[in-house]
Amino acid sequence: MLTTRPTDDTLYQALLDRDAAYEGFAYVCVTSTRIFCRFTCPARKPRRDNCRFESTIADCVEAGYRPCKRCTPMLRYGESEPAVRLLLKALEAEPDRRWSEQDLTDRGHDPSTIRRLFKKRFGMSFLELARRRRLSDAVATLGAGASVIEAQLDAGFDSGSGFRSAITQLLGEAPQKLKARSSFLKACWIETPIGPMLSVVCDHALHLLEFADRPALPAELRRLQERSGSAVIFGRTVFTDQVEAELDRYFGGVSSAFSVRIGGHGTPFEREVWDALRMITPGTTRSYSEIARQMARPSATRAVARANGANQIAILIPCHRVIGADGSLTGYGGGLWRKQWLLRHEARFAAPASLDQSG
C-alpha cells in the first residue's frame, strides 16, 4: 500500500521488476539519455546511478527530460486503472447507493489504494465522487418539482439537516432555493490522452472545459456559478456529446476545428482577447505583445496576459498557443508538460500543409 513515497532503492527495484503497481505513482528519469519512462517500460533498464525518480510527468518535463518513445508515458496518462473502471461502472449501475469503505473491502479493494487512485485522477475520492453523484441526482429531482423531503430520501440522507448542509456545500444554495430553479449547468468528465477534463455545459453552450488537476478549477467553478446564477450538477446535454466528439477528433489527429457554441463569459476586453486566441493557426504560436498589436492595443501586453490566464475553456480557446516573446514556454494552468504536448501535437496538423506547399 503506497501511503508515503518509497525510497529510491525501492523504486529502482520496482523498475527492475517492471512492477505495474507503481504505474502513475512515479516515473524514472534517465540522466544519461535525458529520457523518462514508465516503470513497465520494455526497454533495457538503466544503471542505478543514472536514475532519478519524479512523482509526476510535469516534474519530468520541467526537469528537461523527454518522454520515451517505447512506453509513451504521456500518451498513457489518460488510461485508468482496472479498479477505477470497475468502480465507475458500479457507480453508474447504482448511482443512488450509499457507498462505504466496507463496500470497497467487500469487492476486494483496499480503501486507501482506491482513495489514492481516484484523488490522483479526479481530485476526489471514490466515496466523495459517489456522494456528489447522489447529490446531483437529488438536485435534478428538486428541479423536476419534487419536494425537498423526496429529494432527501432519494439521495439516501436520513437527516434533513445533513442533506441541506451537503447540498449547500456542493452547490452553494439551500435545497428550497434550488427547487425554484428552472435549469442547471451540467458537469461531466471527459477522458483525453493527457488526462481527464471537466466540461460544464447548459442546454445551449459550453461554459467551462478544464483539466481535472488544474489548481484553479474549484475557484473557476465557484465563479461560474456566481456569474451565471446557476448551480452545477453532474449530467450531460447534447453539448457534452459534441465537445467529447470534437475532442476525440482533435486528439486523434483528424481535425483541429471546433464548432461547439461557447457561453459569453468575461469582460468585453477578455472576449476580444479570446477571439484573437482562436484565430491563431494550429501549429503556430504568438506572444502576448503580438496579440496586443494584432488587437491594435500595443500597450496592453499585460492586460492580454491577464485575459489569457482568465480563460476557462482549455484547448478550444487555445491559450496554450501563447509563448514568451523570447520563444520560451510561459505558464499554463494545465501544466507546462501539457502545453508542450499540445504544441507538438498541433505541429503534426500543420505538417501536411507545409509539405503540400513545398511540392
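The shown structure was predicted, so the numbers you read here are calculated from the model rather than taken from an experiment. (Residues numbered from 1 in each chain as written. Predicted model: local features only at pLDDT ≥ 70, side-chain atom pairs only at ≥ 80, totals over all residues. Heavy atoms only, no water.)

Q: Any chance you could explain the overall build of the chain here in plain terms?
A: When helices and strands are tallied, the chain shows 15 helices and 10 strands. Taking all 359 residues of the chain together, the buried fraction comes to 48%. Across the chain, the fraction of contacts at a sequence separation of at least 24, relative to all contacts at a separation of at least 6, is 60%. Counting only carbon and sulfur atoms, one obtains 50% of the accessible surface of the chain, whose full area is about 17500 Å². (Helix = DSSP H or I, 4+ residues; strand = E, 2+ residues; numbered from the N terminus. Buried < 20%, exposed > 50% of the residue type's maximum accessible area, 1.4 Å probe, protein only. Contact = heavy atoms within 4.5 Å. Areas by Shrake-Rupley, 256 points an atom, 1.4 Å probe, with all protein chains shown as cover.)

Q: What is the right way to look at the side chain of Lys339 in this model?
A: Residue placement: Lys339 occurs in helix 15 (residues 336–358). Lacking a salt bridge, the buried Lys339 has Asp326 as its closest oppositely charged neighbour, with an N-O distance of 10 Å. In this structure the side chain of Lys339 is engaged in a polar contact, spanning 2.5 Å, whose partner is the backbone oxygen of Val322. The residues touching Lys339, leaving out its near neighbours within four places in the chain, are Cys319, His320, Val322, Leu329, Thr330, Gly331 and Tyr332. (Lys, Arg positive; Asp, Glu negative; His and termini not counted. Salt bridge = Lys/Arg side-chain N within 4 Å of Asp/Glu carboxyl O. Polar contact = N/O pair within 3.5 Å; in protein donor to acceptor, adjacent residues only side chain to side chain.)

Q: What is the right way to look at the sheet that holds strand 2 (residues 35–37) in this model?
A: For sheets, the rule is that strands pair by backbone hydrogen bonds, running either parallel or antiparallel. In spatial order, the strands read 3-1-2-4; together these 4 strands make up an open sheet with mixed pairing. Where the open sheet ends on each side, the last strands, each with one partner, are strand 3 (51–54) and strand 4 (66–67). Both strand 1 (residues 27–30) and strand 2 contribute to a ladder of 3 bridges, which runs antiparallel. Bridge pairing links Val30 to Ile35 in strand 2. Sheet contacts for helix 1 (residues 8–17): strand 1 and strand 3; angle to strand 3, the most-contacted strand, approximately 100 degrees. (Pairing = 2+ DSSP bridges. Axes fitted to C-alpha atoms, helices over the stretch in contact; angles between N-to-C directions.)

Q: Looking at this model, I keep getting lost on the state of the cysteines. Mind explaining?
A: Scanning all chains against the criterion turns up 0 disulfides. In this model Cys41 remains outside any disulfide bridge; the closest cysteine sulfur is found in Cys71, 3.7 Å from its own. (Disulfide = S-S within 2.5 Å.)

Q: Can you help me understand the side chain of Ser287 in this one?
A: Turning to its location among the elements, Ser287 is positioned in strand 9 (residues 286–287). With a relative accessible area of 6%, Ser287 lands in the buried category.

Q: Sorry, what's going on with helix 12 (residues 268–278) here?
A: Residues that lie three or four places apart on an α-helix share one face, since the helix turns once every 3.6 residues. Taken residue by residue, helix 12 has Phe269, Glu270, Val273, Trp274, Ala276 and Leu277 as its buried positions. Angularly, the buried residues of helix 12 cover 155 degrees about the axis, an arc narrow enough to put them on a single face. Close packing links the buried residues of helix 12 with helix 13 (288–294), helix 14 (301–309) and strand 10 (322–323). (Arc of directions from axis to C-beta.)

Q: Help me understand the pattern of salt bridges, please; the structure alone is not making it clear to me.
A: Side chains that differ in charge, positive against negative, can pair when their charged atoms come close. Enumeration over the complete set of coordinates arrives at 8 salt bridges. We note a salt bridge from Arg297 to Glu272, for which the minimum N-O separation is 3.4 Å. With Arg297 in the loop between helix 13 and helix 14 and Glu272 in helix 12, this pair connects stretches of sequence that are 25 residues apart. The class of Arg297 is partly exposed, set by a relative accessible area of 37%. You can call Glu272 partly exposed: its relative accessible area is 29%. Shared partners join several salt bridges into a network, and the residues in it are Arg236, Asp241 and Glu244.

Q: I tried to follow the sheet that holds strand 8 (residues 232–234) on my own but got confused; where do I start?
A: Across the sheet, which stays open at both edges, the 4 strands sit in the order 7-6-5-8 with mixed pairing between neighbours. Of all strands in the sheet, those bounded by a partner on one side alone are strand 7 (206–211) and strand 8. When strand polarity is set aside, the average angle formed by the axes of neighbouring strands in this sheet is 25 degrees. Strand direction decides the pairing type here: strand 6 (residues 197–201) and strand 7, joined by 5 bridges, are antiparallel. Directly across from Leu198, in strand 7, lies its bridge partner Glu210. Across the sheet, helix 11 (residues 238–251) is in contact with strand 5 (185–190), strand 6 and strand 7; its angle to strand 5 comes to roughly 30 degrees.

Q: Please explain the confidence of the model for the chain as it appears in this structure.
A: Any segment with low pLDDT has predicted coordinates that should not be analysed in fine detail. Per-residue confidence for the chain gives a mean pLDDT of 78, with 76% of residues at or over 70. Under a pLDDT of 50 for its full length, residues 166–175 has, in the predicted model, 27 contacts with residues more than four places off or in other chains. In this model, residues 353–359 is a region of pLDDT below 50 whose contacts with residues beyond four sequence positions or in other chains number 0 contacts. (pLDDT = per-residue confidence, 0-100.)

Q: I tried to follow a positive patch on the surface on my own but got confused; where do I start?
A: Taken together, the side chains of Arg34, Arg66, Lys69 and Arg344 define a basic patch exposed on the protein surface. By the element assignment, Lys69 lies in the loop between strand 4 and helix 3 (82–93). (Patch = residues over 30% accessible without salt bridge, like charges linked within 9 Å, V, L, I, M, F, W, Y side chains within 5 Å. Charge placed at Lys NZ, Arg CZ, Asp CG, Glu CD.)

Q: What am I meant to see in helix 10 (residues 217–228) here?
A: Helix length check: helix 10, at 12 residues, gives a terminal C-alpha distance of 16 Å against a target of 16 Å (1.5 Å per residue), a fit within 8%. Here helix 10 has its buried residues at Leu217, Glu220, Leu224 and Gln225. One face of helix 10 carries all of its buried residues, which in axial projection span an arc of 135 degrees. In the segment just after helix 10, Gly229 is the residue with positive phi, at about 70 degrees. (Expected span 1.5 Å × (residues − 1).)

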